[in-house]
Amino acid sequence: MWILLKKRQRCKRQAEILEYMDNFVESMALRCAVELGVAGVLNSHPHGQNHPMSEIADRIASPSLDIDGLSRVMRFLSCKKVFDATIDKESGEVMYGLNNSSKWLLTNSESDDQATSSLGPLVLLVTNPCALAS
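Because the structure is predicted, anything quoted here is derived from the model rather than measured.

### A few points about the environment of S62
Turning to its location among the elements, S62 is positioned in the loop between α3 (53-59) and α4 (67-79). Remark: the alpha-carbon pair of S62 and L36, spanning 26 residues in sequence, is separated by 8.0 Å.

Here it is as structure tokens:
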């Protein structure tokens, strides 16, 4: 019985460490989305339509954008329910859009709801390498 209890405790501690690592990955993916202005790109489309990855990449002002890396970040964040992802029936392409969570990443000037403040600056502050190092 004692051995079984020890194994459970050990597995629980391992799960906690893995969860902490997962939270780090989530925060870095959020930082990437905020730095690239992905929410603003998705918000710029009329009538709230979803965007394919190629269109998102075209609208991001970065000369050295890694589209494959951005695709992985967007898939990850959509699995975490930060962005919406649907499959276009005609093209089979993944289409990304805003949801109630990702609207918090819009800058105040991009948001339709002036009563809320953007969480983007907080994401950048909390994930700043200097803040992480301390």
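### As for the pattern of salt bridges
Side-chain pairs of opposite charge can arise whenever the charged atoms involved come near each other. Taken as a whole, this structure holds 3 salt bridges when the rule is applied. Between K80 and E26 there is a salt bridge whose closest N-O contact spans 3.0 Å. Of this pair, K80 sits in the loop between α4 and β2 (84-87) while E26 sits in helix α1 (residues 2-36); the two residues are 54 residues apart in sequence, bridging distant segments of the chain. The partner of E35 in a salt bridge is R31, with the nearest N and O atoms 3.1 Å apart. Of this pair, E35 and R31 both sit in helix α1, 4 residues apart, roughly one helical turn. A relative accessible area of 15% places R31 in the buried class.

### Some words on the pairing of β2
With 4 bridges connecting them, β2 and strand β3 (residues 94-97) associate as antiparallel partners. By the bridge assignment for β3, I87 is matched with V94. Linking β2 to β3, which pair antiparallel, is a turn of 6 residues; within it G92 sits at a positive phi near 75 degrees.

### Here we look at the nonpolar core
Note that soluble globular proteins tend to have their nonpolar side chains buried in a common cluster. In this structure, V38, L42, I56, M74 and F83 are the most contacted members of the largest nonpolar core, which totals 21 residues. For this core, the elements supplying multiple residues, two or more each, are α1, α2 (38-43), α3 and α4.

### Observations regarding the side chain of S78
Here S78 lies in helix α4. For S78, a relative accessible area of 14% translates into the label buried. A polar contact is formed between the side chain of S78 and the backbone oxygen of R75, at a distance of 2.9 Å. Residues within four places of S78 in sequence aside, it is in contact with F83, A85 and Y96.

### Considerations on the sheet that holds strand β1 (residues 51-52)
The strand order across the open sheet formed by 3 strands is β1-β3-β2, and the pairing between neighbours is antiparallel. Among the strands making up the open sheet, the edge pair consists of β1 and β2. Note: β1 against β3, 2 bridges, orientation antiparallel. Looking at β3, one finds that P52 is bridged to M95.

### Notes on unusual backbone geometry
Glycine aside, negative phi is the norm for most residues, and most peptide bonds take the trans geometry. In this structure, K81 takes a positive phi of about 70 degrees despite not being glycine. In this structure, K81 sits in the loop between α4 and β2. On the basis of relative accessible area, K81 is assigned to the exposed category, the value being 60%.

Thresholds, definitions, all that
- Residues numbered from 1 in each chain as written.
- Predicted model: local features only at pLDDT ≥ 70, side-chain atom pairs only at ≥ 80, totals over all residues.
- Heavy atoms only, no water.
- Helix = DSSP H or I, 4+ residues; strand = E, 2+ residues; numbered from the N terminus.
- Salt bridge = Lys/Arg side-chain N within 4 Å of Asp/Glu carboxyl O.
- Buried < 20%, exposed > 50% of the residue type's maximum accessible area, 1.4 Å probe, protein only.
- Pairing = 2+ DSSP bridges.
- Core = buried A, V, L, I, M, F, W, Y, C linked by side-chain atoms within 4.5 Å.
- Polar contact = N/O pair within 3.5 Å; in protein donor to acceptor, adjacent residues only side chain to side chain.
- Contact = heavy atoms within 4.5 Å.

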